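# Close look at the chain arrangement
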Amino acid sequence: MTMLPLTGKMPRFIAGVVILGNLPLLAFILLFWQVMAARTAGHAGGGDAIGLAIMSVLAYGLALASFAIGAAYFGYKFTRHKLRPQGLHKIALAWSSIELAVPLLYFLIT
């Protein structure tokens, strides 16, 4: 039995949810990078540390939840209905997984 491509509005919507759910994490990563660059340059970091911590936890949680939704949806369609994700779906999941791995690798390395 050949696998058919997964098409329609719902798979595109799920891929969009995965990408949009990762945007706050991307914003936090860029903000963290800017704060660390200012700190190493000797400038005051600025901002509230508690606020940054809360933002990081919420952004990571949202990104993790959107990745879990996308992986569960596409995994279910792949295993139960033998429908393979298309390129955009794979890119959304790959980008999400890489973006989730970056903070973990940073804190494990430093």
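Residues numbered from 1 in each chain as written. Predicted model: local features only at pLDDT ≥ 70, side-chain atom pairs only at ≥ 80, totals over all residues. Heavy atoms only, no water.

## What to know about helix 1 (residues 9-40)
Each α-helix turn comprises 3.6 residues. Residues three or four places apart therefore point the same way. The first and last C-alpha atoms of helix 1 sit 47 Å apart over 32 residues, in line with the 46 Å expected at 1.5 Å per residue. In the structure, helix 1 departs most strongly from a straight axis at Leu23, where the bend amounts to approximately 30° and where the proline Pro24 lies between one and four residues downstream. Here helix 1 has its buried residues at Pro11, Ile14, Ala15, Val18, Gly21, Asn22, Leu25, Phe28 and Val35. Where the residues of helix 1 are buried, they touch helix 2 (49-80) and helix 3 (87-109). Two residues or fewer past helix 1, Gly42 is found with a positive phi of approximately 95°. (Helix = DSSP H or I, 4+ residues; strand = E, 2+ residues; numbered from the N terminus. Expected span 1.5 Å × (residues − 1). Bend = angle between axes of the 7 residues up to and from the residue. Buried < 20%, exposed > 50% of the residue type's maximum accessible area, 1.4 Å probe, protein only. Contact = heavy atoms within 4.5 Å.)

## Observations regarding a nonpolar patch on the surface
On the surface, Leu20, Leu23, Leu26, Leu30, Trp33 and Trp95 cluster together to form a nonpolar patch covering roughly 610 Å² of accessible area. Of all the elements, helix 1 adds the most residues to the nonpolar patch, at five residues. Turning to its location among the elements, Leu30 is positioned in helix 1. (Patch = residues over 30% accessible without salt bridge, like charges linked within 9 Å, V, L, I, M, F, W, Y side chains within 5 Å. Areas by Shrake-Rupley, 256 points an atom, 1.4 Å probe, with all protein chains shown as cover. Salt bridge = Lys/Arg side-chain N within 4 Å of Asp/Glu carboxyl O.)

## Thoughts on the packing of helix 1 against helix 2
Two elements in contact, helix 1 and helix 2, have axes separated by 8 Å at closest approach and are oriented at 160°. Put simply, helix 1 runs roughly antiparallel to helix 2. Judged by the sense of rotation from one axis to the other, the crossing of helix 1 with helix 2 is left-handed. For the contact of helix 1 with helix 2, the class distribution of residues is 20 nonpolar, five polar and no charged. (Axes fitted to C-alpha atoms, helices over the stretch in contact; angles between N-to-C directions. Parallel < 35°, antiparallel > 145°, perpendicular 65-115°, else oblique. Left-handed = near helix turned anticlockwise from the far one by under 90°. Nonpolar A, V, L, I, M, F, W, Y, C, P; charged D, E, K, R; others polar.)

## Observations concerning the layout of surface pockets
A volume near 160 Å³ is recorded for the largest pocket. Sorting the residues of the lining of the largest pocket by element identifies helix 1 and helix 3 as the ones contributing at least two each. Ranked by residues supplied to the lining of the largest pocket, first place goes to helix 1 with five residues. Its residues assigned to classes, the lining of the largest pocket shows nine nonpolar, no polar and no charged. (1 Å grid on protein atoms, 1.4 Å probe; cavity = no way out; pocket = protein on both sides within 12 Å on 5 of 7 lines; lining within 4 Å. Points joined across faces, edges and corners; volume = space filled by probe spheres on them.)

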